[in-house]
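Analysis of the macromolecular model
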Amino acid sequence: MRWSQLFIPTLREDPADAEVPSHRLLLRAGYIRQLAAGIYSYLYLGQRSVLKISRIIREEMDRIGAQEFFLPAIHPAELWQESGRWDQLADTMFQFKDHGGRELCLGMTHEEVMTDIARGELRSYRQLPQIWYQIQTKFRDEARPKSGLMRLRQFIMKDSYSFDIDEAGLDASYKKHYDAYCRIFSRCGLDYQIVEAHSGAMGGSQSHEFMVVSDAGEDHIALCVKECGYAANLEKARSAVKPVQDLDGDHAPEEFSTPNIRTIEELVAFSKTGPEHMMKAVVYVAPAADKDKKDEVVLAFVRGDHQLSEAKLADALGGATVRSARPEEIQQTFGAAPGSIGPLGVKGVRILIDEAFRGRRNLISGANRDHHHIRYLTPEKDFTGAYHDLREVADGDPCVRCGRSLRVASAIEVGHIFKLGRRYAQAMGLRVLDRDGKEVTPIMGSYGIGVERILTAAIEQNHDQNGMCPPRAVAPFEVVLTPTNLKDDSIRQAAEQLYAELRQTGVEVLYDDRDERPGVKFKDADLIGIPLRITVGRKVGDGLVELSERSTGVRADAKIADVVTLVRSRYCG
RNA sequence: CGGGGCGUGGCGCAACCUGGUAGCGCGUCUGCUUUGGGAGCAGAAGGUUGUGGGUUCAAAUCCCACCGCCCCGACCA
């Protein structure tokens, strides 16, 4: 393509609204323009990158035998009411009415539509397994879109769904996706991590997320610094605890005065005891499912130097959504203010204890009386509760698997696979006959990839002061051909000829035939991140051009006669 | 949804506090010169100052309401 005829609106200055590097560069390089919060137009370069990413995904999905569909973005409300998600997801779904008053929504995902097709057509175990996928625009009315293409209200997603007759079949479909995803992200040039994931309110038994470590990411993961391979989403990550030496002796619990002591920190200073000997009481409320029932107050304990994980607490309570209790609720339930809450004498409140307290003794906690705490508390002897893993892993905690340190990092979620189970199939009446002629409910898997997030992650991982340097697989062109001065006949002729030859041999080449000074062309080429530049300049008289690699900055002269072969073999093979 | 910030030619900003009819840089257009890292000179075009209302002789500027965008937090199948 001839640059002079293309629309590549590069910007010299940083746009005021862009903070993270990928957003800034996508705007500056003329890949995208914003239409509204979380809604972007993909211009020529952006669309080329998106198409290249989509093509890679398509190839790898086809390779595992997945079949591509194209499904509606507009869905009738009834479909989502059947699965129960119309109300459940009302806050993040674009819902609207047509002229006749019929309720519709823009699809945020396609479990319902896929399952609807399946229930109408799949009759026999002989038709299974099936893997169906699509690459489609999804819509979510995010409470807070942010960071360019990181969190969008309209975005492109590859989503696939597997239907199997039994668990073993699902395992196989899951494994196929796992492997396909590895190939996809590797081909896109991403340095990624696979982490065990929390399957969330969707249910499901097993789940992995494909994460790209980046400061711009909004997820948090824990990674073992050694090669034991442990990696998990922070919502699910576990850590070991270093053994703690408790105070010996068989003491009875003893209340003591702690005037104006409310925080663990103050208590540590006051009692001259380490926080690992304290039971931090955290009070939560699980709102009642029915309006007739009362909200349930729960009391959770984590070690003084640990943090409670709300996700784990919610899991321990069977997937309920929880909120922290208000001070007046705490006062009413325990007869004391937050900061003085403890396990003794508590009635009618569920008590959850973090695993880290197993086998511990002579601990300190609140006395349920203002300005008082209790020491010599021993779980199981003095009070009981259910043990659960409740604490959030902190940077530097020992790895559960190998005991080395865990690193907590922020990351971009580019893919997510999980075993859905039978929830949708059941709710929507998908049944097939098995070998014995008995009706059974197939088991499903659901697998997603965020297309824009691959682009975002690729840029977050690969950029410098001059612009982006995306991997070749996602860059909009493979080569930029840059004549330094088109008014010089020998330069122009050499460039024109190279352009023709490169195109002929199938190299994706962007020919910068603009009447601009060399500096402008170099800056633009660096900004938009074309992996290889061929500069046709002053050495053309000696039969030489210059090759320079965007990502490394390495430059070398090459004979004009050899360039096409060289480029094809070394750079665009 | 809570907190904070910002809306002025295409982009980045100034003028607002202290009211007097909008200015700078970049970009754009024309001409000449220049040509290996965002050129120089000369000339030119381009703005209902987010929207609506109010105060005033007079509003980008003061007041009220609304809309939009960004950031932090909550939320995130």
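A separate point is the overall build of chain A. Across its full length, chain A carries 14 helices and 33 strands. The proportion of buried residues among the 573 residues of chain A is 51%. The long-range fraction of contacts in chain A, counting pairs at least 24 apart against all pairs at least 6 apart in sequence, stands at 70%. Summing over all exposed atoms, chain A offers an accessible surface of approximately 26600 Å²; the carbon and sulfur share of this is 46%. Between the centroid of the 76 positive side chains of chain A and the centroid of its 84 negative side chains there is a distance of 2 Å.

Glancing now at the domain arrangement of chain A. You can read the domains of chain A as domain 1 (44–71 + 108–238 + 407–460), domain 2 (254–392) and domain 3 (479–571). Averaged C-alpha coordinates put domain 2 and domain 3 at centres separated by 67 Å.

Below, the discussion takes up the side chain of D389. Along the chain, D389 falls in the loop between β21 (386–388) and β22 (391–392). At 2.9 Å, the side chain of D389 and the side chain of K312 are in polar contact. D389 has contacts with A237, R238, K312, D354 and E355, leaving out every residue within four places of it along the chain.

Moving on, we get to the packing of aromatic side chains. Applying the stated criterion across every chain, the model contains 12 aromatic pairs. Measuring from ring centre to ring centre gives 5.0 Å for W132 and F163, while their planes differ by 55°; the resulting arrangement is tilted. Taken together, the residues W132 in strand β7 (residues 130–139) and F163 in strand β8 (residues 154–164) connect sequence positions 31 residues apart. Here F163 falls in the buried class, since its relative accessible area comes to 0%. Three or more aromatic residues link up through ring pairs in this structure, and these residues are Y178, Y181, F185, Y192 and F210. Sitting over the ring of F477, R48 keeps its end group 3.9 Å from the ring centre. The cationic tip of R514 hangs over the ring face of W3; the distance from NZ or CZ to the ring centre is 4.0 Å.

Where charged atoms of side chains with opposite charge meet at close range, the side chains can pair. Within the structure shown, the criterion is met by 48 salt bridges. Across the pair R24 and D14 runs a salt bridge whose closest N-O atoms are separated by 3.6 Å. Here the residue R24 occupies a position in helix α1 (residues 21–28), and D14 occupies one in the segment before α1, the gap between them amounting to 10 residues. The class of R24 is partly exposed, set by a relative accessible area of 23%. The shortest N-O distance in the salt bridge between R514 and D524 comes to 3.0 Å.

On to the sheet that holds strand β6 (residues 103–106), then. Here three strands make up an open sheet; going across it, the order is β4-β6-β5 and the pairing antiparallel. Since the sheet does not close on itself, it has two edges, and those belong to β4 (74–76) and β5 (95–97), each with one partner. Across the sheet, the mean angle separating the axes of adjacent strands is 40° when strand polarity is ignored. Pairing analysis gives three bridges linking β4 to β6, with the strands arranged antiparallel. Looking at β6, one finds that P76 is bridged to L104.

Turning our eyes to something else, we now look at the sheet that holds strand β14 (residues 279–286). Strand order in the open sheet formed by five strands is β17-β14-β15-β18-β21, with mixed pairing between adjacent strands. A strand with exactly one partner marks an edge of an open sheet, and here the two such strands are β17 (323–324) and β21. Relative to strand β18 (residues 350–354), strand β15 (residues 296–303) runs parallel, the two sharing four bridges. Within β18, the residue paired with F301 across the bridge is I353.

This part covers the packing of α1 against helix α11 (residues 451–461). If you want to describe how two helices pack, look at the angle between their axes and the distance between the axes. Viewed as axis vectors pointing N to C, α1 and α11 meet at an angle of 100°, and their least axial separation amounts to 8 Å. The angle between α1 and α11 places the two elements in the roughly perpendicular class. Along its contact with α1, which presents P21, S22, L25 and L26, the element α11 presents L455, T456, I459 and E460. Broken down by class, the residue content of the contact of α1 with α11 amounts to five nonpolar, two polar and one charged.

A word on the nonpolar core. I57, Y181, F185, L190, V414, I454 and I528 are the most contacted members of the largest nonpolar core, which totals 62 residues. No other element matches helix α6 (residues 167–187), which puts seven residues into this core. Of the domains in this structure, domain 1 (44–71 + 108–238 + 407–460) and domain 3 (479–571) are the two that each give at least three residues to this core. Counting residues in each nonpolar core, the second largest holds 26 residues, with W86, M108, L128 and V440 among its members.

The residue V474 is located in the loop between β28 (467–468) and β29 (479–483) in this model. Between the C-alpha atom of V474 and that of R187, which follows or precedes it by 287 residues, the distance is 9.0 Å.

Once that is clear, we can look at the confidence of the model for chain A. Close inspection of predicted coordinates is inappropriate for parts of the model with low pLDDT. Residues of chain A with pLDDT of at least 70 account for 98%, and the chain-wide mean is 93. Across the interfaces of the predicted complex, the ipTM metric reaches 0.95, alongside a pTM of 0.93.

The rules behind each value
- The numbers attached to residues start from 1 for each chain and follow its sequence in the written order.
- Here chains are named by letter from A upward and ligands by number from 1 upward, in the order in which they appear as written.
- Local features in a predicted model are, by the rule used here, given only for residues with pLDDT of at least 70; side-chain atom pairs are given and counted only at 80 or more, and totals for whole chains, interfaces and linings are based on all residues.
- Only heavy atoms go into the side-chain values, all of them from the structure, while hydrogens and water stay out.
- Strands are runs of DSSP state E lasting at least 2 residues, helices are runs of H or I lasting at least 4, and numbering of each runs from the N terminus.
- In this scheme, a residue with accessible area under 20% of its type's maximum is buried, one over 50% is exposed, and one in between is partly exposed, where area comes from a 1.4 Å probe on protein chains only.
- Any pair of residues with heavy atoms lying within 4.5 Å of one another is described as a contacting pair.
- Shrake-Rupley sampling with a 1.4 Å probe provides the accessible areas, and residues are treated as covered by the protein chains on show and by no other component.
- For the charge count, each Lys or Arg is scored as positive and each Asp or Glu as negative, with His and the chain ends excluded.
- Every charge is mapped to an atom, namely NZ of Lys, CZ of Arg, CG of Asp or CD of Glu.
- Reported domain spans reflect what an automatic or database domain assignment gives.
- Any pair of N or O atoms that falls within 3.5 Å is considered a polar contact. Within protein, one atom must be able to donate a hydrogen and the other to accept it, and sequence-neighbouring residues count only if both atoms are side-chain atoms.
- Each aromatic pair joins two rings of Phe, Tyr and Trp (for Trp, the six-membered one) with centres within 6.5 Å, and gets the label stacked for planes under 30 degrees apart, edge-to-face for over 60, and tilted for any other angle.
- Whether a charge lies above a ring is judged from NZ of Lys or CZ of Arg, which has to be within 6 Å of the ring centre and within 35 degrees of the ring normal.
- A pair is scored as a salt bridge if a Lys or Arg side-chain nitrogen falls within 4 Å of a carboxyl oxygen belonging to Asp or Glu.
- Being paired, for any two strands, means DSSP has found at least two bridges between them.
- Working convention: axes come from line fits to C-alpha atoms, limited for helices to the stretch in contact. Angles between N-to-C directions cover 0 to 180 degrees.
- Working rule for angles: under 35 degrees goes down as roughly parallel, over 145 as roughly antiparallel, 65 to 115 as roughly perpendicular, anything else as oblique.
- Side-chain classes are defined by residue name, with Ala, Val, Leu, Ile, Met, Phe, Trp, Tyr, Cys and Pro counting as nonpolar, Asp, Glu, Lys and Arg as charged, and the others, Gly among them, as polar.
- We define a nonpolar core as any set of buried Ala, Val, Leu, Ile, Met, Phe, Trp, Tyr and Cys residues linked to one another through side-chain atoms lying within 4.5 Å.
- Every residue gets a pLDDT, meaning the predictor's confidence in that residue, from 0 to 100.

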